[in-house]
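Now for the letters of each chain:
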Amino acid sequence: MVTSAGDLYRRYRSIPIVYRIAIAFVLGSIVGLVFGERATALQPLGDLFVRLLKMIIVPIVVFTLIMAARTLTPSNLGKIGGQVVIVYLLTTAIAIGVGLVVSNVFDPGMGVTLTNGDISPESAPPLSEVLLGIIPENPIHAMAEGNMLGIISFSLIFGIGMSAVREETDPESSVASGISTLFDIVEAGAEVMFKVVWGVMEYGVIGVFALMAALFGQTGPQMILDLITLAGTLLAAVLIQITLVYLVGIIWLLVGSSPVAFVRGVTDAMVTALSIRSSSGTLPVTMSNADENLGVEESVYGFSLPLGATINMDGTAMYLGIAAIFTSNVVGVHLSIAQQLSILLTALLASIGTAGVPGASLVMMTVVFSQVGLPVSAIAMVAGIDPLLDRLRTMNNVTGDLAVTTLVANWNDAIDRTRSVLYH
């Protein structure tokens, strides 16, 4: 039976993009190891992928963050909503800090150093300049320069301002109508960018193959050991975040309950997240665990868990710090304390808007690398093992969602202690 080209293409497309990229990663690495320096001839195909990633940074950040701010109005937040958002941001900031500390200890990527024309380390700005750089003097200039902190902060401020004006204005007025139209335009722009990101990720199969062939052609097998170290660093950071932050810090110290009982109550959600690598896909199981096992009232988990599946990206944000340290070691660039703080701020703010973006970790990594002057082409080094690492990150995210939900429910006396595993 002859298989047509169309059938082959449909079978190819039926394979999830992350697995196709992983296969390209492996095949490109093999080509690089087998052909050595000759494989560097594929570099231009990889460079095109890098240029495409850089092209989408600013529009994807602007559109998605303004859309994320659409619901951040005073009336929508309220007491419980405000607590949920603040604690999510705090746990994300802590997760990034944990990732940076652990990666500074393990120093992933120290085994090999690349030197090529894509690396242009800049002198580190003082800490005060990093903090002031959060607010741009000229938002348009910030977009032209690729100042990601400035772009992110302006987009959030503008989006929240639009939401506040719409809430305070007569719904029948022209101002309210204009703001709704603007939001519709931004939503349309976000959908267009999702489609563009999908196209870039499709080409990423070729791009990652070419970049890895050129990389291994230059470095040899040493890079394999560095990638193992990278995975081990993330695993250590996830274990620290779950154990010390969620179980000890939140459940034991703040909620006053047994960490073992909490784990017993959320095991289904953790295992599901580890299996399917999707916080949104795990949401039905997460909500069931919160309701039936933890005894949390729907008035809390009905808001906190869907929101957490959207904006709470502790695992991914943590990974960005680790990936940045890994890349800086590989390319021989030292990241100062100020630059690492810049990574923390950029990853924290970017995580609010890019959770729903296809290939979110790669998009966020592009944003962070651009902020601190690391080569975007280095993303290909970690793209191939991303499906494996994503399982750890997703399990971390879901566990954090449930821990924060339990904490906020405890603060608001919204836990049914008669049926909660936390009190039996």
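Residues numbered from 1 in each chain as written. Predicted model: local features only at pLDDT ≥ 70, side-chain atom pairs only at ≥ 80, totals over all residues. Heavy atoms only, no water.

## What to know about the overall build of the protein
Check the secondary structure of the protein and you find 17 helices and zero strands. Taking all contacts inside the protein whose residues are at least 6 apart in sequence as the whole, residues at least 24 apart take part in 83%. (Helix = DSSP H or I, 4+ residues; strand = E, 2+ residues; numbered from the N terminus. Contact = heavy atoms within 4.5 Å.)

## What to know about unusual backbone geometry
The backbone of aspartate 107 sits at a positive phi, close to 50 degrees, despite the residue not being glycine. By relative accessible area, aspartate 107 is classed as partly exposed at 31%. Phi is positive for aspartate 413, which is not a glycine, with a value near 50 degrees. Relative to the assigned elements, aspartate 413 resides in the segment after α17 (386-411). Taking the relative accessible area as the measure of exposure, aspartate 413 reaches 63% and is therefore exposed. (Buried < 20%, exposed > 50% of the residue type's maximum accessible area, 1.4 Å probe, protein only.)

## Describing the side chain of serine 103
Along the polypeptide, serine 103 turns up in helix α4 (residues 74-106). A polar contact is formed between the side chain of serine 103 and the backbone oxygen of glycine 99, at a distance of 2.7 Å. Residues within four places of serine 103 in sequence aside, it is in contact with Pro108, Thr233, Gly321, Ile322 and Ile325. (Polar contact = N/O pair within 3.5 Å; in protein donor to acceptor, adjacent residues only side chain to side chain.)

## Re the side chain of asparagine 412
If you trace the backbone, asparagine 412 turns up in the segment after α17. Here the side chain of asparagine 412 touches glutamine 83 through a polar contact of 2.7 Å, side chain to side chain. Each residue touching asparagine 412, except ones within four places of it in the same chain, is listed here: Lys79, Ile80 and Gln83.

## Thoughts on helix α11 (residues 279-293)
The largest bend in α11 amounts to roughly 35 degrees and is located at valine 285. Taken residue by residue, α11 has Ser279, Thr282, Leu283, Thr286, Asn289 and Ala290 as its buried positions. Just beyond α11, the residue with positive phi is glycine 295, at close to 75 degrees. (Bend = angle between axes of the 7 residues up to and from the residue.)

## Brief notes about the nonpolar core
Core analysis: the biggest nonpolar cluster contains 122 residues, and Leu230, Phe262, Phe369 and Leu402 have the highest contact counts within it. For this core, the leading source of residues is helix α9 (residues 222-255), giving 15 residues. Ignoring sequence-local partners within four residues, the contact set of leucine 402 consists of Phe262, Val266, Ala269, Thr286, Ala290, Leu294 and Leu305. (Core = buried A, V, L, I, M, F, W, Y, C linked by side-chain atoms within 4.5 Å.)

## Points about helix α13 (residues 314-331)
Here α13 spans 26 Å end to end across 18 residues, near enough to the 26 Å set by a 1.5 Å rise per residue. In terms of residue burial, α13 counts as a mostly covered element, since 18 of its 18 residues are buried. One or two steps after α13, the chain reaches glycine 332, where phi turns positive at roughly 75 degrees. (Expected span 1.5 Å × (residues − 1).)

## Points about the confidence of the model for the protein
Per-residue pLDDT for the protein has a mean of 81; in total, 87% of the residues score no lower than 70. Here helix α5 (residues 127-132) stands out as the least confident element of the protein, with mean pLDDT 62; α9 is the most confident, with 90. Confidence over residues 116-124 falls short of pLDDT 50; this stretch has 13 contacts with residues more than four positions distant or in other chains. (pLDDT = per-residue confidence, 0-100.)

## As for a nonpolar patch on the surface
Taken together, the side chains of Ile23, Val26, Leu27, Ile30, Val34 and Phe35 make up a nonpolar region of the molecular surface, amounting to roughly 540 Å² of accessible area. With respect to the helices and strands, valine 34 occurs in helix α2 (residues 17-35). (Patch = residues over 30% accessible without salt bridge, like charges linked within 9 Å, V, L, I, M, F, W, Y side chains within 5 Å. Areas by Shrake-Rupley, 256 points an atom, 1.4 Å probe, with all protein chains shown as cover. Salt bridge = Lys/Arg side-chain N within 4 Å of Asp/Glu carboxyl O.)

## Quick word on the packing of aromatic side chains
Following the criterion strictly, the structure yields one aromatic pair and no others. Ring geometry for phenylalanine 154 versus phenylalanine 158: centroids 5.8 Å apart, planes at 25 degrees, classification stacked. Here phenylalanine 154 pairs with phenylalanine 158, and both are found in helix α7 (residues 148-168), just four residues apart, close to one helical turn. On the basis of relative accessible area, phenylalanine 158 is assigned to the partly exposed category, the value being 38%. A cation over an aromatic ring shows up here: lysine 195 above the ring of tryptophan 198, its NZ or CZ 5.7 Å from the ring centre. Lying across the ring of tyrosine 423, arginine 417 places its NZ or CZ 4.3 Å from the centre. (Phe/Tyr/Trp six-rings, centres within 6.5 Å; stacked < 30°, edge-to-face > 60°. Lys NZ or Arg CZ within 6 Å of the ring centre and 35° of its normal.)

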